[in-house]
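# Summary of structural features
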Amino acid sequence: MNEQIVILDFGSQYTQVIARRIRECNVYSSILPYNTPAAEIQRLAPRGLILSGGPSSVYSKEAPLPDRALFKLGIPVLGICFGVQVLAHFLGGKVEKGDKREYGKGTLTVTDERCVLFRNLPKELQVWNSHGDKLTRLPKDFVVVGTTDNSDYAAIEHLERKLFGIQFHPEVVHTPRGKEIISNFVHGVCGCGRNWNMRSYIEQAVDQLRAQVGKERVILGLSGGVDSSVAAALIHRALGDQLTCIFVNNGLLRAREAETVQEVFGRNFQIKLLYEDASALFLRKLKGVSDPERKRKVIGKTFIDVFQTATRRAGKARFLAQGTLYPDVIESVPIAGNPASMIKSHHNVGGLPKGMKFELVEPLRCLFKDEVRQLGLELGLPKEIVYRQPFPGPGLAVRCLGPVDSSKLKILRLADAIVVEEMKSAGWYYKTWQTFAVLLPVRSVGVQGDERTYDYTVAIRAVESQDGMTADWVRLPYELLEKISLRITNEVKGFNRVVFDLTSKPPGTIEWE
C-alpha cells in the first residue's frame, strides 16, 4: 500500500469505526497498539496518524500512553477524544476532570472557519460526545477552532505542525457530518488520494489467506447467514478445494433454515457441504440454563465439540474458519491488549475451549456488516443472501429469554417467521438492519375466543444501523405493527400479547441477550 493512515488504538469501542470511515474515503488504514514505537510507525511511512478515544484518563497511573517521539515524526496527527487529551498532555497542555460530563448529542460551534477540518461545513455541527475529562489549558502555539457548551477547547489545531485535536467522535453515525471531517483530515491535511477499494481488500485478503493456510485444508461452519456465506466465498476464491463447509443444525435456527442452506449451498454453489443434525444435543446441553453468558458458552463449546466429530467425516483439517466481524470482537475482548471494556461475549469469539484442535481463520475480522455486504456483491453472491438480516451465532437461544426448550423455540420460530414475512410484504425488510421476535419470560392474562388465556409475551425488535456499533429503533407504520400483532396472537398458540421495543443502542444492545 503506497498510502495509508495509521490509527493508534487506546481501547476505544469505536477504533475500528475510524478505520472504516477512512476506508470509505478510499484510503487504506491500519490499526496499531497505542504503545507502538515511533520508529516502527516511521518505517510504515504513513501519510497521517490518528489517536483513538479510550476509557482512561491521561492523569491516571495506569493510563495507556504512547511513545512521545511520535509527535516528532513530522506527520499530521489527529487526536480524537482521549487522543486529543494525550496530544495536549504530551505537548504542555492540561487535562482535568470536567465539572460536567458530556455524553450523547451536542453542538460544536466552529470558531475558525479557516480550519481545514471543517472546510465546506456549517458553523454549527451536531456531534457525539463521550467524555468526562476535558482540556483546561492549550499546548503552546495551539489555537481553538471549535467549542461546545461544556468545552472551550473542543477542537484545536497547530496549523504549522499539522496537529489537530477534537473532543468529540466524528467516526460514529451520530455525528452526521463526521465522515466529512475525517475526509478533510485524510485528503485535505494528509494529501491522500482515493485509490483503495473493496477489490483491493479482496486482493489483500486472498494473499493473507494463502500465506496463512498454505496447502492445508480449512473447515468452515456455514450457517447460511451473510457472514459465513461471504467468508465461504472469499476463502473459496483464495483456496478452492482446500475448503470444506459443515452445516450444524443446532435446533436454534429460524424457520426452514436447514433446508434453505442445504439447497442454496449444496446445489447452487457447488461447495462441498456436510450436514450435521445436532439439535437434540444442543437442547439437552441448554436444559435449565437461563444466564445469557452461560448460554453462549454452552453453545460455543457444544458447537466445537460437534465440529470436531464432523471433521472426522470431512477429513483432516488444520484450520477452522469463522465469519467473525469486528463488532463481535470489540464487544468481547480487548483488541491487541488495549483496555477496551467488555460488553458481552459472542459465539464466535467466546466459546472456544482451550484445547481446540484447530487454528482460526477469520478473514472478515476487520470488517463491519455493510462492508461485508459490499464484499459479498464483489465476490458474486446473490443479493438475497448478501442483504439477509444478521442472525446471532447462538441463534434463537438469545432471543428466548430464560431457559430454552423445544416448545418455546417452536412458538418463537413461528412468531419470527410472521415478522419477517410481513416486513418483506410491506417493503420494510431491506430498509431495516434487523427485525425479529423475542420471547419474554412473562405471562399475562388474555381473552381469546371468549376464553381466558395465560400465555407468553413476544417483543418485536426493529432497528436501523450502519455497522452494528450503534442503532436506533425503527418507526414502523402502525398498520404494519397491528398486522404483525394480530397474526401472532391469532396464529401462534402460546402468545397472547405483543409489545414493541423502543430502545436504541446504547443504552441497550441490539439483541436482548
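Structural data are supplied above this passage.
Everything in this summary refers to the structure shown in the same document.

### Topic: the overall build of the chain
Scanning the chain from N- to C-terminus turns up 15 helices and 18 strands. Projecting the C-alpha coordinates of the chain onto the three principal axes gives extents of approximately 75 × 60 × 40 Å. Here the chain holds 513 residues, and 59% of them are scored as buried. Here the chain has roughly 22500 Å² of accessible surface; of this, 47% comes from carbon and sulfur atoms.

### Things to note about helix H5 (residues 198-213)
One full turn of an α-helix is made of 3.6 residues, so residues set three or four places apart face in the same direction. Between its first and last C-alpha atoms H5 spans 22 Å; for 16 residues at 1.5 Å apiece the expected length is 22 Å, and the two agree. Within H5, the full set of buried residues consists of Met-198, Ser-200, Tyr-201, Ile-202, Gln-204, Ala-205, Val-206, Leu-209 and Val-213. Residues of H5 that are buried in the fold lie against strand S2 (28-33), strand S10 (218-221), helix H6 (226-239), strand S13 (319-321), strand S14 (359-361) and helix H12 (369-378). N-cap assignment for H5: the residue whose side-chain oxygen lies 3.1 Å from the backbone N of Arg-199 is Asn-197.

### Considering a nonpolar patch on the surface
The grouping of Leu-377, Tyr-387 and Tyr-430 at the surface amounts to a nonpolar patch, some 290 Å² of accessible area in total. With respect to the element layout, Tyr-387 can be found in the loop between helix H13 (383-386) and helix H14 (406-425). The class for Tyr-387 is partly exposed, based on a relative accessible area of 32%.

### Quick word on the environment of Tyr-103
Inspection of the secondary structure puts Tyr-103 in strand S5 (residues 94-110). Among residues more than four places away in sequence, those in contact with Tyr-103 are Asn-129, Ser-130, His-131 and Gly-132.

### Observations concerning the nonpolar core
One finds Ile-246, Val-248, Ile-488 and Phe-495 to be the most contacted residues of the largest nonpolar core, which totals 46 residues. Every element with two or more residues in this core is listed here: strand S11 (243-249), helix H8 (279-286), helix H9 (292-314), H14, strand S15 (434-448), strand S16 (451-464) and helix H15 (478-491). Excluding its chain neighbours within four sequence positions, the residues that come into contact with Phe-495 are Ile-411, Leu-412, Ala-415, Leu-439, Gln-448, Asp-455, Tyr-456, Thr-457, Val-458, Ile-488 and Thr-489. Ile-202, Ala-232, Val-264 and Leu-364 belong to the second-largest nonpolar core, a separate cluster that totals 42 residues.

### Focus: the pattern of salt bridges
Under the definition given, this model contains 25 salt bridges. As a salt-bridge pair, Arg-365 and Glu-362 come within 2.6 Å of each other at their nearest N and O atoms. With relative accessibility at 31%, the residue Arg-365 sits in the partly exposed group. As a salt-bridge pair, Arg-487 and Glu-491 come within 2.8 Å of each other at their nearest N and O atoms. Remark: Glu-491 and Arg-487 occur in helix H15; sequence separation between them is 4 residues, near one turn of the helix. According to the relative accessible area criterion, Arg-487 is buried, its value standing at 16%. Beyond isolated ion pairs, a larger network of salt bridges with shared partners links Arg-20, Arg-21, Glu-24, Lys-179 and Asp-370.

### What to know about the sheet that holds S13
The strand order S12-S11-S10-S13-S14 describes an open sheet built from 5 strands, whose pairing is parallel. Both outer strands of the open sheet, strand S12 (273-277) and S14, are each paired with one neighbouring strand and no more. Pairwise comparison of adjacent strand axes, ignoring direction, gives a mean angle of 30° for this sheet. Here S10 runs beside S13; their pairing, made up of 3 bridges, is parallel. Each residue of the ladder has a partner; that of Val-218, found in S13, is Phe-319.

### Structural notes on the state of the cysteines
Note on terminology: disulfide describes a covalent bond linking the sulfur atoms of two cysteines. Scanning all chains against the criterion turns up 0 disulfides. A disulfide-free cysteine, Cys-81 has its sulfur positioned 18 Å from the sulfur of Cys-115, the nearest such atom. Residue Cys-115 stays outside any disulfide, its sulfur separated by 13 Å from that of Cys-190, the closest cysteine.

### Considering the environment of Asn-150
If you trace the backbone, Asn-150 turns up in the loop between strand S7 (143-148) and strand S8 (151-158). Judged by its relative accessible area of 12%, Asn-150 is buried. As a C-alpha pair, Asn-150 and Lys-134 span 16 residues in sequence and 8.7 Å in three-dimensional space.

### As for the packing of H8 against H9
One can describe the packing of H8 onto H9 by two numbers: an axis separation of 10 Å at closest approach and a directional angle of 145°. Classified by chirality, the crossing of H9 by H8 is right-handed. Of H9, the residues touching H8 (which contributes Leu-281, Phe-282, Lys-285 and Leu-286) are Lys-295, Val-298, Ile-299, Thr-302, Phe-303 and Val-306. A class-by-class count of the residues in the contact of H8 with H9 yields 7 nonpolar, 1 polar and 2 charged.

### Quick look at the environment of Leu-121
Tracing the chain through its elements places Leu-121 in the loop between S5 and strand S6 (124-137). Put simply, Leu-121 and Ile-181 are 60 residues apart on the chain and 8.5 Å apart in space, counted from C-alpha to C-alpha. Leave out the neighbours within four places in its chain, and Leu-121 touches Arg-177, Glu-180, Ile-181 and Asn-184.

### Looking at the pairing of strand S1 (residues 4-9)
Taken across its 6 residues, S1 has 6 buried, putting it largely inside the fold. Residues Gln-4, Val-6 and Leu-8 line one face of S1 and the alternating positions Ile-5, Ile-7 and Asp-9 line the opposite face, and both faces are buried. Bridge count between S1 and S2: 6 bridges; the pairing is parallel. Counterpart to Gln-4 in the pairing with S2 is Tyr-28. Following the backbone out of S1, through helix H1 (residues 15-24) and into the adjacent parallel S2, one traces a crossover that is right-handed. Across 4 bridges, S1 lies against strand S3 (residues 48-51) in parallel orientation. Residue Ile-7 lies in a different strand from S3, and its bridge partner there is Ile-50.

### Digging into the packing of aromatic side chains
Inspection of every chain in the model, using the stated rule, returns 10 aromatic pairs. Taken together, a centroid distance of 6.0 Å and an interplanar angle of 80° make the contact between Phe-71 and Phe-90 edge-to-face. One end of the pair, Phe-71, is in the loop between S3 and strand S4 (77-80); the other, Phe-90, is in helix H3 (residues 82-90), and 19 residues separate them in sequence. Here Phe-90 falls in the buried class, since its relative accessible area comes to 12%. Between Phe-247 and Tyr-275 the ring centres are 5.8 Å apart and the planes differ by 15°, which places this aromatic pair in the stacked class. With Phe-247 in strand S11 and Tyr-275 in strand S12, this residue pair connects regions lying 28 residues apart in the sequence. By relative accessible area, which is 1% here, Phe-247 ends up buried. Tyr-275 sits in the partly exposed class, given a relative accessible area of 29%.

The rules behind the values
Within any chain, residue numbers begin from 1 and follow the written order of that chain's sequence. Thresholds applied to this predicted model are a pLDDT of at least 70 for local features of residues and 80 or more for the giving and counting of side-chain atom pairs; totals over whole chains, interfaces and linings are not thresholded and use all residues. Note that the side-chain values use all heavy atoms of the structure and ignore hydrogens as well as water. Runs of E in the DSSP output that reach at least two residues are strands. Runs of H or I that reach at least four are helices, and both are numbered from the N terminus. When a residue's accessible area, from a 1.4 Å probe over protein chains only, is under 20% of the maximum for its type it is buried; when over 50% it is exposed; and in between it is partly exposed. Here, Shrake-Rupley sampling with a 1.4 Å probe gives the accessible areas, and only protein chains in the shown set may cover a residue. What a helix should span is 1.5 Å times the count of its residues minus one. Note on contacts: a residue pair is in contact if any heavy atoms of the two residues lie within 4.5 Å. Counted as a polar contact is a pair of N or O atoms within 3.5 Å, where, for protein atoms, one must be capable of donating a hydrogen and the other of accepting one, and residues adjacent in sequence contribute only when both atoms are in side chains. For patch detection, residues must exceed 30% relative accessible area and be free of salt bridges, and they are connected within 9 Å for like charges or within 5 Å for nonpolar side chains (Val, Leu, Ile, Met, Phe, Trp, Tyr). One side-chain nitrogen of Lys or Arg within 4 Å of one carboxyl oxygen of Asp or Glu is enough to make a salt bridge. Grouping buried Ala, Val, Leu, Ile, Met, Phe, Trp, Tyr and Cys residues that are joined through side-chain atoms within 4.5 Å yields what is termed a nonpolar core. The criterion for strand pairing is that DSSP finds at least two bridges linking the strands in question. What counts as an axis is a line fitted to C-alpha atoms, over the stretch in contact for a helix, and the angles between N-to-C directions run from 0 to 180 degrees. Count a disulfide wherever a pair of cysteine sulfur atoms falls within 2.5 Å. Each crossing is labelled by how the near helix is turned from the far one, with a counterclockwise turn of less than a right angle marking it left-handed and a clockwise turn marking it right-handed. Residue polarity follows a fixed list, in which Ala, Val, Leu, Ile, Met, Phe, Trp, Tyr, Cys and Pro are nonpolar, Asp, Glu, Lys and Arg are charged, and the others, Gly among them, are polar. Seen with the strands pointing away from the viewer, any crossover whose path from the first strand over the helix to the second strand runs clockwise is right-handed. For Phe, Tyr and Trp, where Trp contributes only its six-membered ring, two rings pair if their centres lie within 6.5 Å, and the inter-plane angle classes them as stacked under 30 degrees, edge-to-face over 60, or tilted in between.

What is shown is where atoms sit, not what they do.
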